[in-house]
Amino acid sequence: MSAVIEGWVEYDYAIVRLVPQVHLDAFQNVGVVLHSRQKRFLDVRFALDSDRIARLWPTLDLTLVERYLTAYRAVCLGGFGGGPIGLLPPSERFHWLTAPRSAVVQTSAVHPGRCRTAPEIALDNLLQLYC
């Protein structure tokens, strides 16, 4: 555990990936989930390029993918809409969302980061960088 450095906001993040054919391990980055314990912040942003995904995986049901991402977001935001996991504290929801799994929606490894701005801005910047 690192010490909090004055003026910096520390966070952890993971890239959210669409993995339509899990056995092939091919994926498309579709979002970023970011957690800052220091700021009590947990959120996810998506940038789903439907046209590109349709070209790569023409038989993939994009409506179903959007439902998966909506459910992912509901868990991230917490509350009753996120089911039993949505009722957990933000740090536990983050760890649940980023746990390794063999599913259509997966995440990269968790990476540390820090910024001098609000975590919302860091999340937007990471989304732009990776998606």
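Please read all numbers here as calculations on a predicted model, not as lab measurements. (Residues numbered from 1 in each chain as written. Predicted model: local features only at pLDDT ≥ 70, side-chain atom pairs only at ≥ 80, totals over all residues. Heavy atoms only, no water.)

### Considering unusual backbone geometry
Phi is positive for Arg40, close to 55 degrees, though the residue is something other than glycine. Here Arg40 lies in the loop between β2 (28-36) and β3 (41-46). With a relative accessible area of 75%, Arg40 lands in the exposed category. (Helix = DSSP H or I, 4+ residues; strand = E, 2+ residues; numbered from the N terminus. Buried < 20%, exposed > 50% of the residue type's maximum accessible area, 1.4 Å probe, protein only.)

### Topic: the pattern of salt bridges
A complete count under the given rule lists three salt bridges for this structure. Here Asp43 ties to Arg45 by a salt bridge, and the two come within 2.7 Å at their closest N and O atoms. Note that Asp124 and Arg45 form a salt bridge whose closest N and O atoms lie 2.8 Å from each other. Highlighted residues: Asp124 in helix α5 (residues 119-130) and Arg45 in strand β3, separated in sequence by 79 residues. Exposure remark for Asp124: the relative accessible area of 36% places this residue in the partly exposed category. Connected through salt bridges with shared partners, the residues Asp43, Arg45, Arg73 and Asp124 form a single ionic network. (Salt bridge = Lys/Arg side-chain N within 4 Å of Asp/Glu carboxyl O.)

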